[in-house]
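# Analysis of the macromolecular model
The chain contents come next:
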Amino acid sequence: MFTGIVTDIGTVASVESPGDTRVVVSTAYDTATVDLGASIACSGVCLTVVDKGPNWFAVDVSGETISRTAKDQWTQGRQFNLERAMKLGDELGGHIVTGHVDGLGTVVAITEEGGSHRLTVRAGPEIAPFIAPKGSVTVDGVSLTVNAVKDVDGTVEFGLNIIPHTWGVTTLGTIQQGQSVNIEIDVLARYLQRMEHYRATAS
């Protein structure tokens, strides 16, 4: 489990494909405190540490994961929002995040509003029912609050206010219009969907 509070920006140092794709990520984390087998969220994707050294760790990324995550994410030089798995007793500063990507979105607009930035993201019909004003969503591993929602021909466009701190300490500060992003819906919305489905089939 994660919280969507980014604690480092890592950079893909190398990518190899001996079977699954092995990605080596450079990081400011003290990797002496990172166990092999530990989970680290990489721009919202929960991955297992399979090797490590001073200021780097390696993860294996399956073809399934690559096919379901943001375009060009697994390329050398790409930056990741990193978060280590939460421990019992940690402060829950964002919201409960599982590290499982539910779908992809596209950044359709970036505008400055005061000292903050507003991102407008468009996502498909698999995401649309789960986005609500003042609800939580995870974008590239960052826990955010939805400010506005507009349904457009079966898709959804939603606005996100990015405060200067978040803009400066995550990869959102370098995001570009047209860029693909990983989206994870609020875990509570998953349970509500299951409840509604069960209620409909049981009646």
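Quick look at the structure, then. (Residues numbered from 1 in each chain as written. Predicted model: local features only at pLDDT ≥ 70, side-chain atom pairs only at ≥ 80, totals over all residues. Heavy atoms only, no water.)

### Observations concerning the overall build of the protein
The following threshold applies: Helix and strand labels come from DSSP, where a helix needs a run of H or I of at least four residues and a strand needs a run of E of at least two; each type is numbered from the N terminus. Buried means the residue's accessible area, taken with a 1.4 Å probe over protein chains only, is under 20% of the maximum for its type, while exposed means over 50%, and partly exposed covers the values in between. Two residues qualify as a contact provided that any one of their heavy atoms is within 4.5 Å of a heavy atom in the partner residue. Shrake-Rupley sampling with a 1.4 Å probe provides the accessible areas, and residues are treated as covered by the protein chains on show and by no other component. Under this rule, positive means Lys or Arg and negative means Asp or Glu; His and the chain ends count for nothing. Just so you know, the charge point we use is NZ for Lys, CZ for Arg, CG for Asp and CD for Glu.
When its secondary structure is counted, the protein shows three helices and twelve strands. With the C-alpha coordinates aligned to their principal axes, the bounding extent of the protein is approximately 50 × 50 × 35 Å. Counting the 203 residues in the protein, one finds 42% classified as buried. Excluding contacts between residues fewer than 6 apart, the proportion of contacts in the protein whose partners are at least 24 apart in sequence is 68%. Surface accessibility of the protein: about 10400 Å² in total, with carbon and sulfur atoms responsible for 52%. If the 14 positive side-chain charges of the protein are averaged to one point and the 23 negative ones to another, these points end up 3 Å apart.

### Some details on the sheet that holds strand β7 (residues 103-113)
Filter applied, for reference: Note on pairing: DSSP must find at least two bridges between two strands before they are called paired. Between N-to-C directions, angles cover 0 to 180 degrees, with each direction set by a line fitted to C-alpha atoms, over the stretch in contact for helices.
Ordered by their spatial adjacency, six strands build a closed barrel running β7-β8-β11-β10-β9-β12, and the pairing between neighbours is antiparallel. Taking each pair of neighbouring strands and ignoring which way they run, the sheet shows an average axis angle of 45°. The sheet contact formed by β7 and strand β8 (residues 116-123) spans eight bridges and is antiparallel. By the bridge assignment, Val 107 is partnered in β8 with Val 121.

### Let's talk about the pairing of β8
Among the eight residues of β8, six are classified as buried, and the element is accordingly described as predominantly covered. With antiparallel pairing between neighbouring strands as the criterion, β7 and β8 make up a hairpin whose turn holds two residues, including Gly 114 at a positive phi of roughly 65°. Pairing of β8 with strand β11 (residues 155-162), which is carried by seven bridges, proceeds in the antiparallel orientation. Opposite Leu 119, over in β11, you have Leu 160 as the bridge partner.

### Things to note about the nonpolar core
Short version of the rule: Side-chain atoms within 4.5 Å link the members of a nonpolar core, which is a set of buried Ala, Val, Leu, Ile, Met, Phe, Trp, Tyr and Cys residues.
Core analysis: the biggest nonpolar cluster contains 25 residues, and Val 137, Leu 144, Phe 158, Leu 160 and Ile 183 have the highest contact counts within it. At the level of secondary structure, the elements contributing two or more residues to this core comprise β8, β9 (136-139), β10 (142-152), β11 and β12 (180-185). For Val 137, the contacting residues outside a window of four places in its chain are His 95, Ile 131, Val 142, Ser 143, Leu 144, Val 146, Phe 158, Leu 160, Ile 183 and Glu 184.

### Quick notes on the packing of aromatic side chains
Centre-to-centre distance and the angle between the planes together describe a pair of aromatic rings. Quick reminder of the rule: Pairing of aromatic rings covers Phe, Tyr and the six-membered ring of Trp, with a centre-to-centre limit of 6.5 Å; geometry is then stacked below 30 degrees between planes, edge-to-face above 60, and tilted otherwise. Look at NZ for Lys and CZ for Arg. If either is within 6 Å of the ring centre and within 35 degrees of the ring normal, a charge sits over the ring.
In total, this model carries one aromatic pair according to the counting rule given. Their ring planes at 70° and their centres at 5.4 Å tell us that Trp 74 and Phe 80 sit as a pair that is edge-to-face. Positioned above the aromatic ring of Tyr 29, the side-chain terminus of Arg 84 is 5.9 Å from the ring centre.

### Observations regarding the state of the cysteines
Counted only if it meets this: Note on disulfides: each one is a pair of cysteine sulfur atoms within 2.5 Å.
Under the definition given, this model contains zero disulfides. In this model Cys 42 remains outside any disulfide bridge; the closest cysteine sulfur is found in Cys 46, 8.8 Å from its own. Classification of Cys 46 as partly exposed rests on a relative accessible area of 27%.

### What about unusual backbone geometry?
Where the residue is not glycine, phi is negative for most of them; where a peptide bond is considered, it is trans in most cases. Phi is positive for Lys 134, close to 70°, though the residue is something other than glycine. Mapping Lys 134 onto the fold places it in the loop between β8 and β9. Positive phi values are uncommon outside glycine, yet Asp 153 reaches one of about 50°. Within the secondary structure, Asp 153 sits in the loop between β10 and β11. On the basis of relative accessible area, Asp 153 is assigned to the exposed category, the value being 80%.

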